Amino acid sequence: MTTTAGQKSSAGATASIEERAREVPIVTRGLRKDYEMGAETVRALRGVDVEIEENEYVAVMGPSGSGKSTLMNLIGCLDTPTSGEYWLDGQAVQDLEEDELAEIRNREIGFVFQTFNLLPRASALHNVELPLVYAGVDREERRERAAEALEQVELGDRMDHAPNQLSGGQRQRVAIARALVNRPAILLADEPTGNLDSKTAAEIMSVFDDLHASGQTIIMVTHEHPIAAHAARIITLRDGNIESDDATVAADPVAEMVDS
Amino acid sequence: MRGRGFVFEVVRVALDAIRSNKLRSVLTMLGIVIGIAAVITMVALGQGAQQAVQQQIASLGTDVLTVRPGSGWFRRGGGDRARLTMEDVEIVRRGATAVEGISPEMDQSFQVEYGRANGNFRVVGTSANYTDVNNREVDIGRFFDMQENQGRRRVAVLGSAVPEALGVAPLELVGREISIRNISFTVAGVMEEQGSSAGPFSSDEQIFVPVRTAQYRLMGTDEIESFNATVASASSMDMATMQIEEALRRAHRLRPGESNTFWIQNRADILGTFQQTSQTFTYLLAGIAAVSLLVGGIGIMNIMLVSVSERTREIGLRKALGARRRDILVQFLVEALVLCLAGGALGIGLGAGASRAFAEFAGWNTLVSPEAVTLAVAFSAAVGIFFGLWPARRASLLDPIEALRYE
């Protein structure tokens, strides 16, 4: 089971981190992040050790201020740690320059945001093309792959629609297509259902479930337990530390099917 | 760099951004439009004036040497010997073989009357070949001839503006008597108009009389103001200059090492001087116009800063999706560049139109040269890059996390 690897992370710490990083896509050791807020130093993360294996489906939970957004930003390479190490796909992220981080975000990570963050004036197709623009893919191929990704989220008939012509669920599916279009190693979702009604949320969660079933590694921040229950493993943060790291009942897709 | 796909995307995003704020973009562009139009118009006026002077001087003939006493326009020093006389003209006529035609001028202002009308005019005593040497034409009637000069006859040929100044139709004057310094002269003809833009060379308000008549009946001196000498061909200019100098130095008994008491000028030199002057003038005008372009550029910078802060979230998103600093920088630079180039294109159109209007309604000679247009395009691009750089840099340095959180 993938979950056991996560739980044994403290045991893995005895091995050299380089060795570990060769086997596990995401490895962090003693990850700390401090922010200067005026004269005060906010210690958002106080030494987090996490390992996440390929094709894991992880939910990150915790009250606001627990450090979960900071952890997501670090894992998403939007930020670098104050101290500690973060290895992504065998690369030491803390040593990278800003442009290298941008390239990793482009190739390895697909972001899904709570507020969708689509370009309002661009069509669904153009929105999905964006990561490919920065990957240096030429126009023809960009269009083809973006169309493919939109079909994957069942929006093949809405490609020319602007975001304001789409429902919330459809917008989030466009955002998911955009996150997937560059075939990232990790899909990072930050409260992906936070702005959706429960019916639409269920629809989006089934998209995530399907993606996981087809082999996609997913990390998702949420504060809703029913949403987190879709994941196979829940990491709970509190005050910048990991409070718990457990497998869920719904980890087994078969069990979930029986459930519903 | 990214491939062509990236260039296409960047231009598309820039056009989208400009289109989505049409009014604002147009107002911003207006600064550049006016700046470029001003530069184009001013340069067109300057170059037009330059061209006019050039044509005027060329029409006077460049194979003409002018000899004046003294050592320059404003330096007449040299005492008694620094005079040119009719005798000098004779010496040059005999001594300088490369000189083809020679035409002296002595002038003085006199009261001129016709009936009750009168006015003060510059009366020029010259030879019968004045029209040939100076490349001029008679409009009505004829110029005086050599016999009339030899016979010190009282004939006069009027500059084209003289009849009007006296309030008489030109045709009516020909054959009639006018009085110059209370001496009666017969009007033989009226010269063709030389044009107002001829500047210091305009002789439209002068009255021409035979030089011997002037010498003996009007001015009582054989001292002349200057003489013009034509040469057979442009290639014998230097030869003619040398011969004139030699002849005059001997006539004036100048010892070796003593400086000339006269001054030989050729039209090509004058042309060069005027060209330089009008060019300086053009630069000055263009410089003043460029200030308005600068103001337009500040407008661009202002609006780009607004655009950057409005699109902070978009910048954050693009960074999250893999845009590097340089990609964001290029994107905003291109937006500023597109604004400036579009404004520049409109400005060139407007400037060309204004230049045409000046030519049409004010009768000024204007010239919109390809160089000026190229310069305007280059200038607007430079303005775009210069004033777009700072806002674009600000955008590129935004922190992706904070940018994504920006409301």
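Residues numbered from 1 in each chain as written. Chains lettered and ligands numbered in written order. Predicted model: local features only at pLDDT ≥ 70, side-chain atom pairs only at ≥ 80, totals over all residues. Heavy atoms only, no water.

**Student:** Got a minute to help me understand the overall build of chain B in this structure?
**Tutor:** The number of helices and strands found in chain B is 14 helices and 12 strands. Expressed along its principal axes, the backbone C-alpha trace of chain B runs to roughly 100 × 55 × 35 Å. Counting over 407 residues, chain B shows a buried share of 49%. Residue pairs at least 24 apart in sequence account for 79% of intrachain contacts in chain B once pairs closer than 6 positions are excluded. Taken as two groups, the 40 positive and 40 negative side-chain charges of chain B have centres that lie 8 Å from each other. (Helix = DSSP H or I, 4+ residues; strand = E, 2+ residues; numbered from the N terminus. Buried < 20%, exposed > 50% of the residue type's maximum accessible area, 1.4 Å probe, protein only. Contact = heavy atoms within 4.5 Å. Lys, Arg positive; Asp, Glu negative; His and termini not counted. Charge placed at Lys NZ, Arg CZ, Asp CG, Glu CD.)

**Student:** Before we go on, may I ask you to explain a negative patch on the surface in this structure?
**Tutor:** A cluster of acidic side chains, namely D138, E140, E144, E148 and E151 of chain A, defines a negative patch on the protein surface. Relative to the helices and strands, E148 of chain A is located in helix α7 (residues 139–152). (Patch = residues over 30% accessible without salt bridge, like charges linked within 9 Å, V, L, I, M, F, W, Y side chains within 5 Å. Areas by Shrake-Rupley, 256 points an atom, 1.4 Å probe, with all protein chains shown as cover. Salt bridge = Lys/Arg side-chain N within 4 Å of Asp/Glu carboxyl O.)

**Student:** Hey, could you run me through the nonpolar core in this one?
**Tutor:** As a rule of thumb, soluble globular proteins bury nonpolar side chains together. Within the largest apolar cluster, 67 residues are counted, with the highest numbers of intra-cluster contacts made by L88 and I219 of chain A. If one sorts the elements of this core by residue count, helix α12 (residues 325–362) of chain B sits on top with eight residues. Every residue in contact with I219 of chain A, bar those within four places of it in the chain, is listed here: I26, I52, V58, V60, M72, I75, I186, L187, L188 and A189 of chain A. Listed in part, the 45 residues of the second largest apolar core include A98, Y114, I178 and V209 of chain B. (Core = buried A, V, L, I, M, F, W, Y, C linked by side-chain atoms within 4.5 Å.)

**Student:** Can you walk me through the sheet that holds strand β10 (residues 241–247) of chain A in this structure?
**Tutor:** Pairing between sheet strands relies on hydrogen bonds along the backbone, with the strands arranged either parallel or antiparallel. All names here are of chain A. With respect to topology, six strands assemble into an open sheet ordered β6-β7-β8-β3-β9-β10, the strand pairing being mixed. Each edge of the open sheet carries a strand with a single partner, namely β6 (109–112) and β10. Taken over all neighbouring pairs, the strand axes of this sheet differ in orientation by 20° on average, direction set aside. With six bridges joining them, strand β9 (residues 233–238) and β10 adopt antiparallel strand pairing. The partner of L237 across the bridge, within β10, is I242. (Pairing = 2+ DSSP bridges. Axes fitted to C-alpha atoms, helices over the stretch in contact; angles between N-to-C directions.)

**Student:** Would you explain the confidence of the model for chain A in this entry?
**Tutor:** When pLDDT drops low, the exact placement of atoms in the prediction is not to be read closely. Residues and elements named next belong to chain A. When pLDDT is averaged across chain A, the result is 88; 90% of the residues are at 70 or more. Across residues 1–13, confidence stays below pLDDT 50; counting only partners more than four residues off in sequence or on other chains, it has 22 contacts. Of the regions scoring below 50 in pLDDT, residues 254–260 engages in four contacts with residues more than four places distant in sequence or in other chains. (pLDDT = per-residue confidence, 0-100.)

**Student:** Can you walk me through the interface of chain A and chain B in this structure?
**Tutor:** How big an interface is tends to be expressed through the accessible area that disappears when the partners come together. At the interface, 23 residues of chain A touch 26 residues of chain B. Here chain A and chain B share an interface that buries about 2500 Å² over both sides, 56% of which is from carbon and sulfur atoms. Taken together, the links from chain A to chain B amount to three salt bridges. Note that E98 of chain A and K319 of chain B form a salt bridge whose closest N and O atoms lie 3.5 Å from each other. (Buried area = accessible area lost by both parts, 1.4 Å probe.)

**Student:** How should the domain arrangement of chain B be read in this particular structure?
**Tutor:** Taken as a whole, chain B is organised into domain 1 (2–56 + 272–405) and domain 2 (84–260). Between the C-alpha centres of domain 1 of chain B and domain 2 of chain B the distance comes to 55 Å. (Domains from an automatic or database assignment.)

**Student:** Would you mind showing me how to read helix α9 (residues 198–213) of chain A here?
**Tutor:** Residue pairs three or four apart in sequence face the same way in an α-helix, which turns once every 3.6 residues. Residues and elements named next belong to chain A. An ideal rise of 1.5 Å per residue puts 22 Å on 16 residues; α9 measures up with 22 Å between its terminal C-alpha atoms. With a side-chain oxygen lying 3.1 Å from the backbone nitrogen of K199, the N-terminal cap of α9 falls on D197. Residue G215 follows α9 closely and has a positive phi angle near 110°. (Expected span 1.5 Å × (residues − 1). Polar contact = N/O pair within 3.5 Å; in protein donor to acceptor, adjacent residues only side chain to side chain.)

**Student:** Sorry, what's going on with the packing of aromatic side chains here?
**Tutor:** Think of a pair of aromatic rings as described by two things: how far the centres are apart, and how the planes are tilted against each other in angle. Overall, the coordinates contain eight aromatic pairs over all chains when judged by the stated rule. Geometrically, the ring pair formed by F143 of chain B and F208 of chain B is tilted, given 6.2 Å between the ring centres and 50° between the ring planes. Taken together, the residues F143 of chain B in the loop between β5 (138–141) and α5 (146–150) and F208 of chain B in strand β9 (residues 206–210) connect sequence positions 65 residues apart. In this structure F143 of chain B comes out as buried when scored by relative accessible area, which is 9%. Following the ring pairs from residue to residue traces out a cluster consisting of Y130, F143, F144 and F208 of chain B. When the ring centre of F8 of chain B is taken as origin, the NZ or CZ atom of R139 of chain A, which lies over that ring, is 3.5 Å away. Above the face of the W390 of chain B ring, R394 of chain B is positioned so that its terminal group lies 5.5 Å from the ring centre. (Phe/Tyr/Trp six-rings, centres within 6.5 Å; stacked < 30°, edge-to-face > 60°. Lys NZ or Arg CZ within 6 Å of the ring centre and 35° of its normal.)

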